[in-house]
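Single-letter residue listing:
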Protein chains: 6
Amino acid sequence: MRFDEGYSGKVFIMSRPDFDEAKAVIYGMPMDWTVSFRPGSRFGPNRIREASLGLEEYSPYMDRHLEEVNYFDAGDIPLPFGNPKRSLDTIQDYLKQLLAKGKFPLGLGGEHLVSWPVIQAVYEKYPDMALIHMDAHADLREEYEGEPLSHSTPVRKACQLIGPENVYSFGIRSGMREEFAYAKDSGMYMARYEVAKPLREILPKLSGKKVYVTIDIDVLDPAYAPGTGTAEAGGISSKELLEAIQLIANSNVHVVGADLVEVAPIYDPTEQTVIAASKFIREILLGWVK
Amino acid sequence: MRFDEGYSGKVFIMSRPDFDEAKAVIYGMPMDWTVSFRPGSRFGPNRIREASLGLEEYSPYMDRHLEEVNYFDAGDIPLPFGNPKRSLDTIQDYLKQLLAKGKFPLGLGGEHLVSWPVIQAVYEKYPDMALIHMDAHADLREEYEGEPLSHSTPVRKACQLIGPENVYSFGIRSGMREEFAYAKDSGMYMARYEVAKPLREILPKLSGKKVYVTIDIDVLDPAYAPGTGTAEAGGISSKELLEAIQLIANSNVHVVGADLVEVAPIYDPTEQTVIAASKFIREILLGWVK
Amino acid sequence: MRFDEGYSGKVFIMSRPDFDEAKAVIYGMPMDWTVSFRPGSRFGPNRIREASLGLEEYSPYMDRHLEEVNYFDAGDIPLPFGNPKRSLDTIQDYLKQLLAKGKFPLGLGGEHLVSWPVIQAVYEKYPDMALIHMDAHADLREEYEGEPLSHSTPVRKACQLIGPENVYSFGIRSGMREEFAYAKDSGMYMARYEVAKPLREILPKLSGKKVYVTIDIDVLDPAYAPGTGTAEAGGISSKELLEAIQLIANSNVHVVGADLVEVAPIYDPTEQTVIAASKFIREILLGWVK
Amino acid sequence: MRFDEGYSGKVFIMSRPDFDEAKAVIYGMPMDWTVSFRPGSRFGPNRIREASLGLEEYSPYMDRHLEEVNYFDAGDIPLPFGNPKRSLDTIQDYLKQLLAKGKFPLGLGGEHLVSWPVIQAVYEKYPDMALIHMDAHADLREEYEGEPLSHSTPVRKACQLIGPENVYSFGIRSGMREEFAYAKDSGMYMARYEVAKPLREILPKLSGKKVYVTIDIDVLDPAYAPGTGTAEAGGISSKELLEAIQLIANSNVHVVGADLVEVAPIYDPTEQTVIAASKFIREILLGWVK
Amino acid sequence: MRFDEGYSGKVFIMSRPDFDEAKAVIYGMPMDWTVSFRPGSRFGPNRIREASLGLEEYSPYMDRHLEEVNYFDAGDIPLPFGNPKRSLDTIQDYLKQLLAKGKFPLGLGGEHLVSWPVIQAVYEKYPDMALIHMDAHADLREEYEGEPLSHSTPVRKACQLIGPENVYSFGIRSGMREEFAYAKDSGMYMARYEVAKPLREILPKLSGKKVYVTIDIDVLDPAYAPGTGTAEAGGISSKELLEAIQLIANSNVHVVGADLVEVAPIYDPTEQTVIAASKFIREILLGWVK
Amino acid sequence: MRFDEGYSGKVFIMSRPDFDEAKAVIYGMPMDWTVSFRPGSRFGPNRIREASLGLEEYSPYMDRHLEEVNYFDAGDIPLPFGNPKRSLDTIQDYLKQLLAKGKFPLGLGGEHLVSWPVIQAVYEKYPDMALIHMDAHADLREEYEGEPLSHSTPVRKACQLIGPENVYSFGIRSGMREEFAYAKDSGMYMARYEVAKPLREILPKLSGKKVYVTIDIDVLDPAYAPGTGTAEAGGISSKELLEAIQLIANSNVHVVGADLVEVAPIYDPTEQTVIAASKFIREILLGWVK
């Protein structure tokens, strides 16, 4: 018996004990300090892990079992509370090292701004990358109340870094007029309200491409994911998000990393949000880590 | 600085400070004293206002910004607790004055009976009006347990006042046999279970008509609006209700007033009901107030 | 006045006072001792009854009123706590007597394992029976952690008893690889993810058949029924389940009994799960008891 | 096996099957239609019964076991919804018959107004009765907003009926100035804020007296009983209420009936209010029914 | 009828319509951006107002009625989201003007840092002021994670401004070793764990003094106020806090302003925290505004 | 950077990284399969760890900082679901090894039965041990419904193992008559209702003794700890439990291990139970690990 190994219940279900042999690495980014309306996503990663205990390890969607994927849950990245700048730097360093070791990064948020340093690190390794973004919100602001480091800005920053023509947003139903104008004029792709149908059209064009996928849980209607800070009525169902994950798995895009962000458990006493989130993580592990 | 102006957080987001210049007026009707099953909608108006703080001010559905509509949030009408008769009289007086000043009335309930005095006042001004009614319940009873002033009766009363041929109900999935029989025999229009599809058919027939629209939040499935007194499984999604609001906005009917009723926050600790409700109010402001 | 009759609020709405004259009998099976993830369904039956108070007694789906069906709510079967074996025996005895008296059994769970003794009793009376099973989970395990009496096994047991060719599962989206393999190889029928569409295809083949129907509330997406122990994202809507009940009612199958299981109220402070469940029970009474 | 007897889980724990032999009768009064702030106590009686399942049947406070008291849980009195007048008449009739049969009435509310017809019936039988009243609120209003049948009035009515000198209130911490003035001038007894200490002083003076005891659950601080409509900070602890019940049990007063009212489960997702209430009922059964 | 006056339900109960004639002014400070653990107090002020609707207007503790105190609820101070520096400046300006007009300021938080600019403004007017501070936390840090504007620092700042010998803390049960050392060495007064008893000793020493009182709701045990961000077990009861308010009211200190902070409604679905908070505000109005 | 070390947020705050150097070891025992009323304590250990993030690391009660105690959080012991026998064996093995390495075991439950194998292992090492037991329930049953491995039995078993004269129970307020009779006749010590006062009397008698302390969170009144399966009104406050921990810390008993059990987070949406529990664990670490 080794006493320093008994982390059952605190890592994602079936996480392997050895970092070095793992193909994919799950890590939490428990930051929510730039959130304007209802904070709380700092508690998301831990609750998603907890809910994973209730998951079946086999997926009929993918016809694959978690034992077929070697992944390691590395816990949460320690982030300096209340300091967005240093938090993002820490995440970026962490990701660089993870990518240098050839790992598939699978991040759990935290607010959506955490995706920004991840994308920077991924872009450094794969300069020809594209971004698939599923969200209720455009996240295309240049700043929020004068602050460029805001959870409303990561996709705009990504456009500037990797080129808007490499950014594909789905499910968008909220934003400023300027954001929708930018989406139209910049050359990026944006599908409003829906995810699965437009994705089916876009995926063939991305064939062979290296793609990073960022999913904001609020792309779902609040009925399916009430546990999030900026719930936005009129979203898609869990069924459609599962279908989207499957479409990508069955496509010819080469997913090089992913994250699922903005899970804020306190707003959902039913726990259905973390239960659904843990299922999406399972599907991503089974479908995208190859 | 004026100390009597700082009502941020207590009025609907972007409410203008001046009543006289406003085109539309938001007002609450915090009454729930005739409710049979689960009361609590008296707290609805205030919570919808509170949730409006999280709204984006621009709508991609309408391609319009709240600053393009001049509206004033007048707070709640003071209603005598436990006295339906006097409450309804107070509402009717209030509405008459509001209409006399040429305002577009946008009411927040409260139980559905509050729509009855509103309809009376609107009818007085527009005797050729039609009524669009979205609801899970037919609300066509003549009385409830011997009491003619009940939240199960407002649409029946409206039929008697403006003629059943001018009443259009959508999404209905609950009622007594007699109510469905009345719907069939009286000449009114009733679409069961669905809203958007039948509305698309009916709207052309109402072209040019003056229409008052009353929306009971329970037309949504409880999944989308658990915070209501008489939740009724089998309803429509938030997406369909947003589509319905948009269909009306894009039609040639002339909306002369509207209300959203039966929001009872206590039954929904996730707050998704008030969050969705505040979005519907934004869409109504942007789409129907012209 | 009889003091031993005032059970209003504790039996399903409009339950008749006389057992002997009743055609159908509602009974609770408040057992949840083999549940692995989140227990609590032992409180389901009582809360479904409580929620039935808010129901309309007439159904527009069926165009029928509860007074047209004579049923008796017999309360909960007293089950020995923590002892699955004796609990199942008690249920089986109870069912045998119920069936001997010619009653239509309508059971409220409780975990899904309670359906197993019911099916045994029904099979004894109707050896040519078929089973319709709506669920998120295949429930086709032979055992769970070495224990053959587990809530993951009842459908497998049913296959062995009545023949896999007489078992029809709908809505399945979770299970072990072995369960899906069994479903494929054994000759049973399994529709994944959906219920109404495949049911429409299957029902004609079951024409004239005696059928027992078991519904696990988690066939619904957690958005529609968060109050269940093993919530599984990606399910059907309440609308689709209502449609399924109606399809069966309008078909030529001869329903000889039914149950609705796995309602666990503690996980749903909105109470929407028990409210929906009580509506499904009403529809079953009106549509299947003939 | 008798199918009409299986009401386990729907009656108070260990309720005997036979009304006639019972010394005490538990009955619910699920009325809350005159409540001004937060309604919901109509669901109290059923939830108290449900919670009683978790009780130990023996009490170390009383050194007595529930099998030593013969009581029958008669369910809820069927009350005409929304009609206070007829509801109160129904309760009074019910009580008269109960008392005529020599039963000890133990009522579960419901709003506090339900105690008024009970007191009338008790007074008819015992014209020399006294009233012990534990509550946060004085309940001494003559009317509420012009309505004499209000949950703020029952103790005033009792004073008028049985004489203020026979009314003893404890724990009072809320009311109008007029109510406190009446308490002072009328000759009734009122102890503010505390229960056990003043009760210890008063009980000897009531030696040999026939006493009816009415307990409003909000005499407890909201910390101990958040599930009530008009929670009032600054109350007593559960420990003090248990002590008060014990003091009465050990005194020489002759308790002729009792009730526990204003339990409104919806405001308490922790269920601690109904759990505590069911314990108080057990103690009353063990300590006051002799 | 004036349509711009109907703010019933959105101001504290019985707030007068006229600012100029008011002696006291209630204002909200909905800021929580420096909170480390569980944010959410930005929603406190509005919910306290909402809960005030359930209050009795007369207090038996003070034997006084709200109509005897002329106060005006000015709503929330509009604060720039996410910017502590500018928020505090705004509050300070607001307070200076309020004090210049001779008003008694009664603030609703928001996180505890909002008290700092208030104290600065009060000190400017009353340089001989003392501070009474009731809290679970010492709030004596010089900075938090390098940030001097943190909700852990306001009392330290106050010590530096008005002199530690003029600061009196009560109920303290959490802090860093350095904070307790400072409390000991600096000459300030700190009572651990208790409030009423030490207050009774200190008040005579403050006789005739001008005193500002700041109350952090978490001075209460979480049992009495679960709706707060940094709940700390081992606190006082609501009864003791009511007693403390009364002790100050009956003393010879001259209260020149007060606040109640850190009410975070999301963590308390029972609503008991805002219900208690609104009662404390009533007592402060009745007891301290003279 | 080491990727296999970042378990922030998943271990108790300030847990050291090295098992070998640690004096105390925290471990979870997430078992609740013998629970009769409301299960859910299997989720307790993880939520207590999560809540520890909000703790101050210094304690004014003990005047000590967590950095002064070297402890290691080993995560949860992996337990075979639904199998009490094997679960208890696993715990006992684990404890034997822990004790063999000279560690102070600090366990997090889980139902109370998990203390039984711990006590067995402790007794093997310290045959002269005494047991201090704080609980609402006597836990002195010989079996529960025929099952000797029940959460109602651990203290009886302990009496048989270490001798009733070495068992000291505090705060007891629920049990069968037989349990209270056993407590009286066997020679064990039992203090009803209270903890701190009787503990103050007993501790001198235990001077120099080796003592294991087991705390059931339900010794607290449900007001202070609603998140537990068998809440029992009439308990002590958090203040009294903190005092009890301090009394033991300041006494001459030699604590050789401890546990805190029956925390069931699902019943407490306010999270106050896990917040309080994490504070008790901090106090135990600071006060008892020497």
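- If you check an unreviewed UniProt entry, chain A appears there as Agmatinase from Aquibacillus salsiterrae.
- Under the Sequence similarities (unreviewed entry) heading, UniProt states for chain A: "Belongs to the arginase family. Agmatinase subfamily."
- Looking at the Function (unreviewed entry) heading of the UniProt record, one finds this comment for chain A: "Catalyzes the formation of putrescine from agmatine."

A closer look at helix α2 (residues 84-100) of chain B
Residue and element names in this part refer to chain B.
Right, on to step 1. Taking 1.5 Å per residue as the helical rise, α2 with its 17 residues ought to reach 24 Å, and the 24 Å between its terminal C-alpha atoms agrees with that figure.
Right, on to step 2. Among the residues making up α2, those that are buried are Pro-84, Ser-87, Leu-88, Ile-91, Gln-92, Tyr-94, Leu-95, Leu-98 and Leu-99. On an axial view of α2, the arc spanned by its buried residues comes to 165°, and they lie on one face.
Right, on to step 3. Looking at the packing, one finds that the buried side of α2 touches β1 (24-29), β4 (71-76), β5 (104-109) and α3 (115-125).
Right, on to step 4. Two residues or fewer past α2, Gly-102 is found with a positive phi of approximately 80°.

Observations concerning the confidence of the model for chain A
Residues and elements named next belong to chain A.
Right, on to step 1. Mean pLDDT over chain A stands at 92; residues scoring 70 or higher make up 95%.
Right, on to step 2. Note that pLDDT drops below 50 for residues 4-9; the model gives that stretch eleven contacts with residues more than four away or on any other chain.
Right, on to step 3. The ipTM value of the predicted complex is 0.93, and its pTM value is 0.91.

Focus: unusual backbone geometry
Right, on to step 1. Omega for the bond connecting A:Gly109 with A:Gly110 falls within 30 degrees of zero, at 15°, which places this linkage in the cis form.
Right, on to step 2. Checked against the element boundaries, A:Gly110 lands in the loop between β5 (104-109) and α3 (115-125).
Right, on to step 3. In the Ramachandran plot, E:Asp63 falls in the positive-phi region, its phi being about 50° despite a non-glycine side chain.
Right, on to step 4. Locating E:Asp63 in the fold gives a position in the loop between β2 (58-59) and β3 (64-65).
Right, on to step 5. Even without a glycine there, the phi angle at E:Asp139 is positive, about 55°.
Right, on to step 6. Looking at the secondary structure, you find E:Asp139 in the loop between β6 (130-134) and α4 (154-162).
Right, on to step 7. Note on E:Asp139: relative accessible area 6%, which makes it buried.

Considering the side chain of F:Ser52
Residue and element names in this part refer to chain F.
Right, on to step 1. Its place among the elements puts Ser-52 in helix α1 (residues 44-52).
Right, on to step 2. Only 2.9 Å separates the side chain of Ser-52 from the backbone nitrogen of Ile-13, close enough to count as a polar contact.
Right, on to step 3. Sequence-distant contacts of Ser-52, that is, excluding residues within four places in its chain, are made with Val-11, Phe-12, Ile-13 and Ser-278.

Things to note about the pattern of salt bridges
Right, on to step 1. Scanning the model with the defined rule gives 96 salt bridges over all chains in all.
Right, on to step 2. Between B:Arg282 and B:Glu283 there is a salt bridge, and its shortest N-O distance comes to 2.9 Å.
Right, on to step 3. A salt bridge links D:Glu50 to C:Arg47; the shortest N-O distance between them is 2.5 Å. On the criterion of chain membership, the pair formed by D:Glu50 in helix α1 (residues 44-52) and C:Arg47 in helix α1 (residues 44-52) is interchain, its members lying in two chains.

Considering the UniProt feature "binding site: Mn(2+)" (unreviewed entry) in chain A
All names here are of chain A.
Right, on to step 1. Per the UniProt record, "binding site: Mn(2+)" (unreviewed entry) is annotated on His-112, Asp-135, His-137, Asp-139, Asp-216 and Asp-218. Spatially, the listed residues are clustered: although they cover 107 residues, their C-alpha atoms lie within 12.2 Å of one another.
Right, on to step 2. Within the secondary structure, His-112 sits in the loop between β5 and α3.
Right, on to step 3. For His-112, the contacting residues outside a window of four places in its chain are His-133, Asp-135, Asp-139, His-151, Pro-154, Thr-214, Asp-216, Val-261 and Glu-262.

Notes on the environment of D:Gln272
Right, on to step 1. Relative to the helices and strands, D:Gln272 resides in helix α8 (residues 272-288).
Right, on to step 2. Not counting chain neighbours up to four residues away, the residues in contact with D:Gln272 comprise D:Ala223, D:Tyr224, D:Pro226, F:Pro222, F:Ala223 and F:Pro226.

Looking at the arrangement of the chains
Right, on to step 1. At the C-alpha level, the nearest point of chain C lies 10 Å from chain E, with no contact between them.
Right, on to step 2. What separates chain B from chain F at the closest point of their C-alpha atoms is a distance of 10 Å, and the two make no contact.

So, the packing of aromatic side chains
Here the distance between the centres and the angle between the planes together describe a pair of aromatic rings.
Right, on to step 1. Per the stated rule, a full pass over the model turns up 42 aromatic pairs over all chains.
Right, on to step 2. Among the aromatic side chains, those forming a connected cluster through ring pairs are A:Tyr168, A:Phe170 and A:Tyr189.
Right, on to step 3. The lysine or arginine in question, E:Arg156, covers the ring of E:Tyr182, its NZ or CZ lying 3.9 Å from the ring centre.

Some words on the sheet that holds strand β8 (residues 189-192) of chain F
Residue and element names in this part refer to chain F.
Right, on to step 1. Across the sheet, which stays open at both edges, the eight strands sit in the order β4-β1-β5-β10-β9-β6-β7-β8 with parallel pairing between neighbours. With partners counted over all chains shown, the strands left at the sheet margins are β4 (71-76) and β8, one partner each. For this sheet, the mean inter-axis angle between neighbouring strands, taken without regard to orientation, is 15°.
Right, on to step 2. With four bridges connecting them, strand β7 (residues 167-172) and β8 associate as parallel partners. Counted as the bridge partner of Ile-172 is Arg-192 from β8.
Right, on to step 3. Strands β1 (24-29), β4 and β5 (104-109) of the sheet are contacted by helix α2 (residues 84-100), whose axis makes an angle of about 175° with β1.
Right, on to step 4. Contacts from helix α7 (residues 238-250) reach β6 (130-134), β9 (210-216) and β10 (254-261), with the element oriented near 165° to β6.

Conventions and cut-offs
Residues numbered from 1 in each chain as written. Chains lettered and ligands numbered in written order. Predicted model: local features only at pLDDT ≥ 70, side-chain atom pairs only at ≥ 80, totals over all residues. Heavy atoms only, no water. UniProt positions renumbered as here; feature names shortened; annotations may be inferred. Helix = DSSP H or I, 4+ residues; strand = E, 2+ residues; numbered from the N terminus. Expected span 1.5 Å × (residues − 1). Buried < 20%, exposed > 50% of the residue type's maximum accessible area, 1.4 Å probe, protein only. Arc of directions from axis to C-beta. Contact = heavy atoms within 4.5 Å. pLDDT = per-residue confidence, 0-100. Polar contact = N/O pair within 3.5 Å; in protein donor to acceptor, adjacent residues only side chain to side chain. Salt bridge = Lys/Arg side-chain N within 4 Å of Asp/Glu carboxyl O. Phe/Tyr/Trp six-rings, centres within 6.5 Å; stacked < 30°, edge-to-face > 60°. Lys NZ or Arg CZ within 6 Å of the ring centre and 35° of its normal. Pairing = 2+ DSSP bridges. Axes fitted to C-alpha atoms, helices over the stretch in contact; angles between N-to-C directions.

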